[in-house]
Amino acid sequence: NLSILMINFKTKEEIEVMKESCQLAAEVLIMIEPYVKPGVTTERLDKICHDYIVSKGAIPSPLNYRGFPKSICASVNEEICHGIPSDRKLRNGDIVNLDITTYLKGFHGDTSRTFFVGSPRKKAEKLVEVCKEALQLGIGVVKPGAKLGDIGATIQTFAERHGYSIVKEFCGHGIGSEFHEEPQILHYGNFGEGLEIKKGMVFTIEPMVNLGKPELKILSDKWTAVTQDGQISAQFEHTLCVTETGVEVMPRLDGKTKF
Ligand code: MF3
Ligand code: CO
Ligand code: CO
């Protein structure tokens, strides 16, 4: 069973350019935060992000990607990922993940976070905190010589210890001049298994953590993934690069990011 992975290792120069794209994507998440309020539609958030990205000389990567009709993904409550911005109004107590990917100077940068709309419910607050922490713990094991399974096992163990479940159908991914490159970064697995992590790899980690069961279904719009049990789901995502000795989160925002 021969399988060949085509991993595009990035040069120092490519990584510097990629950081600019990642930084722009991270800035979009900061820019949009004050607009994420009860009463706003996800379509309105999409338009604001679209215009901001274009004003910086970049292209929103999701727009027309495999037929995706909007510039960002907006996934509310039981929506796990790939929610299509619409005239749905956000309501107090909702959670919403905004997933921003920018294409700047030939490279994609990909990041997402889950926002609270108004005042969070306790259950949502805990889920979102654990998801954010799961991403940070996953990033923390990345270094040359570690295995991709170490990332997945770390994230899965932590989320399940809190009684939550990990979505298995979607994963992190290599990223560069293409939106989705090899390898796949699973958010579950076993320590010591999988591909060896090497310097020059650039990939995302983007765990989706469900309050209830892990199973999902895809809505008739062919994009929106929702939990089968209707319970809420959270997600956070960073793009990172593997350095000589460890890992670097690509955007340099000097503590301005919320995660
Ligand atoms: N940004 C998503 C990711 O993290 C992918 C969105 S694909 C789209 O990989 F077409 F829905 F935009
Ligand atoms: Co993304
Ligand atoms: Co991604």
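Scroll up for the structure.
This section reports on the structure supplied with the text. Here the residue numbers are simple positions, counted from 1 along each chain's written sequence. Think of it this way: whatever chain is written first is A, whatever ligand is written first is 1, and the rest follow in order. Residues qualify for local features only when their pLDDT is at least 70, as the model is predicted, and side-chain atom pairs are given and counted only at 80 or more; totals for whole chains, interfaces and linings, by contrast, use all residues. Excluding hydrogens and water, the side-chain figures rest on all heavy atoms present in the structure.

Focus on the packing of helix α3 (residues 122-140) against helix α4 (residues 148-161)
- Two elements in contact, α3 and α4, have axes whose closest approach is 8 Å; the angle formed by their N-to-C orientations is 155°. One way to sum up the angle between α3 and α4 is to call them roughly antiparallel. Note on packing geometry: the crossing formed by α3 with α4 is right-handed. Residues Val130, Glu133, Ala134, Leu137 and Gly138 of α3 lie in contact with α4, whose contacting residues are Ile151, Thr154, Ile155, Phe158 and Ala159.
- Each residue gets one of three labels, nonpolar for Ala, Val, Leu, Ile, Met, Phe, Trp, Tyr, Cys and Pro, charged for Asp, Glu, Lys and Arg, and polar for the others, Gly among them. In the contact of α3 with α4, the residues fall into seven nonpolar, two polar and one charged. Angles run from 0 to 180 degrees between N-to-C directions of axes, and those axes are lines fitted to C-alpha atoms, restricted for helices to the stretch in contact. A run of H or I in DSSP becomes a helix once it reaches four residues, and a run of E becomes a strand once it reaches two; helices and strands are each numbered from the N terminus. Note on angle classes: values under 35 degrees are labelled roughly parallel, values over 145 roughly antiparallel, values of 65 to 115 roughly perpendicular, and the remainder oblique. Handedness of a crossing is defined here by the sense of rotation of the near helix relative to the far one, left-handed for an anticlockwise turn of less than a right angle and right-handed for a clockwise turn. It only takes one pair of heavy atoms within 4.5 Å for two residues to be counted as in contact.

Focus: the sheet that holds strand β10 (residues 208-210)
- Here the rule is simple: two strands pair whenever DSSP picks up at least two bridges between them. If you walk across this open sheet you meet the three strands as β6-β10-β13, and the pairing is antiparallel. Looking along the sheet, the strands with just one partner apiece sit at the ends: β6 (165-166) and β13 (233-235).
- Here β6 pairs with β10 via two bridges, running antiparallel. Looking at the pairing, Ile166 lines up with Val209 of β10.

A word on the coordination of the cobalt ion (ligand 2)
- Metal sites are built from N, O and S donor atoms within 2.8 Å, or 3.2 Å for Na, K and Ca, and they leave out water, so they may look incomplete. Those protein atoms acting as donors to the cobalt ion (ligand 2) are Asp99 (OD), Asp99 (OD), Asp110 (OD) and Glu237 (OE), and they sit at 2.1 to 2.4 Å.
- Under this scheme a four-donor centre is tetrahedral when all angles range from 85 to 135 degrees, a four-donor centre is square planar and a six-donor centre octahedral when opposite donors are above 155 degrees with the rest from 65 to 115, and any other centre is irregular. For the cobalt ion (ligand 2), the six donor atoms in the first shell make angles of 58 to 165° at the metal, a pattern classed as irregular.
- Within one chain, the residues donating to the cobalt ion (ligand 2) are spaced in sequence as D-x10-D-x126-E.
- If you look at the cobalt ion (ligand 2) and the cobalt ion (ligand 3), they sit 3.3 Å from each other and are both ligated by Asp110. Of this pair, Asp99 sits in strand β4 (residues 95-104) while Glu237 sits in the loop between β13 and β14 (238-242), and the two are 138 residues apart along the sequence.
- Buried, partly exposed and exposed residues are distinguished by accessible area as a fraction of the type maximum, computed with a 1.4 Å probe on protein chains only: under 20%, between the cut-offs, and over 50%, respectively. On the basis of relative accessible area, Asp99 is assigned to the buried category, the value being 11%.
- Accessibility expressed as a relative area gives 0% for Glu237, which makes it buried.

A closer look at a nonpolar patch on the surface
- A cluster of nonpolar side chains, contributed by Leu2, Ile4 and Met6, occupies part of the molecular surface with about 410 Å² of accessible area.
- Within the element layout of this structure, Met6 appears in the segment before α1 (12-32). Patches here are clusters of residues that have more than 30% relative accessible area and form no salt bridge, with a 9 Å joining cutoff for like charges and a 5 Å cutoff for nonpolar side chains (Val, Leu, Ile, Met, Phe, Trp, Tyr). Methods summary: accessible areas were calculated by the Shrake-Rupley approach with a probe of 1.4 Å, and residue burial reflects only the protein chains presented. The term salt bridge refers to a pairing of a side-chain nitrogen on Lys or Arg with a carboxyl oxygen on Asp or Glu at a separation within 4 Å.

Brief notes about the site of ligand 1
- One heavy atom suffices: a residue is near a molecule or strand as soon as one of its heavy atoms comes within 4 Å of it. Residues in close proximity to ligand 1 total 14 residues, the closest being Asp110, His173, His180, Glu206 and Glu237.
- Pairs of N or O atoms within 3.5 Å make up the polar contacts considered here, provided that, within protein, one atom can donate a hydrogen while the other can accept it, and that residues adjacent in sequence are counted only when both atoms are side-chain atoms. One nitrogen or oxygen atom from the side chain of His173 is found 3.0 Å from an oxygen atom belonging to ligand 1.
- Between an oxygen atom of ligand 1 and a side-chain N or O atom of Glu237, the distance comes to 2.9 Å.
- Protein contacts shield 97% of the accessible area of ligand 1, which totals 340 Å² for the unbound molecule.

Section: the packing of aromatic side chains
- Two aromatic rings from Phe, Tyr or Trp, using only the six-membered ring of Trp, form a pair when their centres are within 6.5 Å; if the ring planes differ by under 30 degrees the pair is stacked, by over 60 it is edge-to-face, and anything between is tilted. The full count for this structure, using the stated rule, is three aromatic pairs.
- Between Tyr65 and Phe179, the aromatic rings sit 4.7 Å apart at their centres with planes inclined by 55°, giving tilted as the arrangement. Linking Tyr65 in the loop between β1 (59-60) and β2 (73-76) with Phe179 in the loop between β7 (172-174) and β8 (181-185), this pair joins segments that are 114 residues apart in sequence.
- A ring pair is formed by Phe68 and Trp223, whose centres lie 5.0 Å apart and whose planes are at 90°; its orientation type is edge-to-face. In this pair, Phe68 is assigned in the loop between β1 and β2 and Trp223 in the loop between β11 (216-218) and β12 (225-227), connecting sequence segments 155 residues apart. An identical accessibility class is assigned to Phe68 and Trp223; each is buried.
- Counted as over-ring charges are cases with an Arg CZ or a Lys NZ within 6 Å of the ring centre that also lie within 35 degrees of the ring normal. Cation over ring: Arg113 sits above Phe115, and NZ or CZ is 4.0 Å from the ring centre.
- Note that Lys168 overlies the ring of Tyr188, its terminal NZ or CZ placed 5.7 Å from the centroid.

So, the pattern of salt bridges
- Under the definition given, this model contains 12 salt bridges.
- Salt-bridge contacts for Arg252 lead to Glu16; the nearest nitrogen and oxygen are separated by 3.7 Å. Within this pair, whereas Arg252 is found in the segment after β15 (247-249), its partner Glu16 is found in helix α1, the two being separated by 236 residues in sequence.
- Arg252 gets classed as partly exposed once you look at its relative accessible area, which sits at 40%.
- For Glu20, the salt bridge identified is with Lys105, shortest N-O distance 2.8 Å. Of this pair, Glu20 sits in helix α1 while Lys105 sits in the loop between β4 and β5 (107-116), and the two are 85 residues apart along the sequence.
- For Lys105, a relative accessible area of 55% gives the class exposed.
- Through salt bridges with shared partners, one network takes in Glu16, Lys19, Glu248 and Arg252.

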